[in-house]
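# Structural overview
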Amino acid sequence: MGFNVAVDGPAGAGKSTIAKEVAKQLNLIYVDTGAMYRAMALYMLRSGVDPADTTAVIEKCDLADITIRYENGEQVVFLNGANVNPYLRTEEVGNATSVISVVPEVRKKMVELQHSLAAASDCIMDGRDIGTCVLPGAQLKIYLTADSAVRAKRRYDELMAKGQDCDLQKIQADIEERDYRDMHRETSPLCQAEDAVLVDTSDLTVQEVIDRLVQLCLERME
Ligand code: DC
């Protein structure tokens, strides 16, 4: 096994922003597992499948061929041969993703893909179950979190900056609902691994969090 870093935590904690930058500084591959589940949810929405209809989701999930490529250091997700990156980061897809990701058949397929990526390169992988289930032997595990009001405000600012009109209260309610579902599902729920380092980003700047993680990685690499 190469050098693996697992980063888990609730929606909007800053996992992808931070992990992407740490990857760049330490020359690791950044694996965004949420994007894989998002591609699966997008497939269901495009196929007219209700994300809550578990039987239909199981039936359809084998028809979604999800692969990952790296282009200029960026993870690109392909769904049945087409780059779907531009369609993954909407609130609609995010909420549907939290619903379909409770299905064990979906998780099994995504975890296989994650194992093959981690086996091929030194990586920093973010998600919900990376330290607990996907890479239990990771050299460093981080549990990144922040207060739900702070996370909602960050997501709000991000969407507004992209020109997507949104409602802060609705975003916070969605985040709390998503946290609850991600933490209480039966298969691989979100929780802090026993050996994970807890980093609460509520009162930290992005740069402070990046510096802290880079330092932790360097310590573990020695
Ligand atoms: O990190 P994100 O917001 O892109 O994740 C979207 C949803 O995907 C999240 O609500 C739960 C699910 N997910 C998961 O169940 N397991 C992972 N390893 C990553 C994401």
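Residues numbered from 1 in each chain as written. Predicted model: local features only at pLDDT ≥ 70, side-chain atom pairs only at ≥ 80, totals over all residues. Heavy atoms only, no water.

### Examining the packing of helix α2 (residues 33–46) against helix α3 (residues 54–61)
- In the contact formed by α2 and α3, the axes pass within 11 Å of each other and the chain directions differ by 105°. Considering their axes alone, α2 and α3 lie roughly perpendicular with respect to each other. In this structure, α2 contributes M40, Y43 and M44 to the contact, and α3 contributes V57, K60 and C61.
- Of the residues belonging to the contact of α2 with α3, the class tally is five nonpolar, no polar and one charged. (Axes fitted to C-alpha atoms, helices over the stretch in contact; angles between N-to-C directions. Helix = DSSP H or I, 4+ residues; strand = E, 2+ residues; numbered from the N terminus. Parallel < 35°, antiparallel > 145°, perpendicular 65-115°, else oblique. Contact = heavy atoms within 4.5 Å. Nonpolar A, V, L, I, M, F, W, Y, C, P; charged D, E, K, R; others polar.)

### Details of unusual backbone geometry
- At N72, a residue that is not glycine, the phi angle is positive and equals roughly 50°.
- Even without glycine at this site, S188 takes up a positive phi of about 40°.
- Tracing the backbone through its elements, the reader meets S188 in the loop between α8 (168–184) and β8 (197–200).
- Judged by its relative accessible area of 15%, S188 falls in the buried class. (Buried < 20%, exposed > 50% of the residue type's maximum accessible area, 1.4 Å probe, protein only.)

### Some points on the packing of aromatic side chains
- Evaluation of the coordinates by the stated rule reveals zero aromatic pairs.
- The side chain of R46 reaches across the aromatic face of Y87, ending 5.0 Å from its centre.
- The ring of F78 is capped by R69, whose NZ or CZ atom sits 4.0 Å from the centre of that ring. (Phe/Tyr/Trp six-rings, centres within 6.5 Å; stacked < 30°, edge-to-face > 60°. Lys NZ or Arg CZ within 6 Å of the ring centre and 35° of its normal.)

### Section: the sheet that holds strand β5 (residues 82–83)
- Read from one edge of the open sheet, three strands run β3-β4-β5, paired in antiparallel fashion. The open sheet has two edge strands, β3 (66–71) and β5, and neither has a second partner.
- In this structure, β3 lies alongside strand β4 (residues 74–79), joined through six bridges in antiparallel fashion. Bridge pairing links R69 to V76 in β4.
- α2 contacts β3 and β4 of the sheet and is inclined by roughly 30° relative to β4. (Pairing = 2+ DSSP bridges.)

### What about the pattern of salt bridges?
- Per the stated rule, a full pass over the model turns up twelve salt bridges.
- The partner of R185 in a salt bridge is D182, and the shortest N-O contact between them spans 3.9 Å. (Salt bridge = Lys/Arg side-chain N within 4 Å of Asp/Glu carboxyl O.)

### Some words on the sheet that holds β8
- Taking strand neighbours across the sheet as the criterion, the five strands line up as β2-β6-β1-β7-β8 in an open arrangement whose pairing is parallel. Each having just a single partner strand, β2 (29–32) and β8 make up the two edges of the open sheet. Strand-to-strand twist across the sheet, computed as the mean angle between neighbouring axes with direction ignored, equals 20°.
- Where β2 and strand β6 (residues 123–127) come together, four bridges link them in parallel fashion. Each residue of the ladder has a partner; that of V31, found in β6, is M125.
- Across the sheet, helix α1 (residues 15–26) touches β1 (4–8), β2, β6 and β7 (140–145), and the angle it forms with β6 is around 180°.

Remember that the coordinates give geometry; whether it matters functionally is a separate question.
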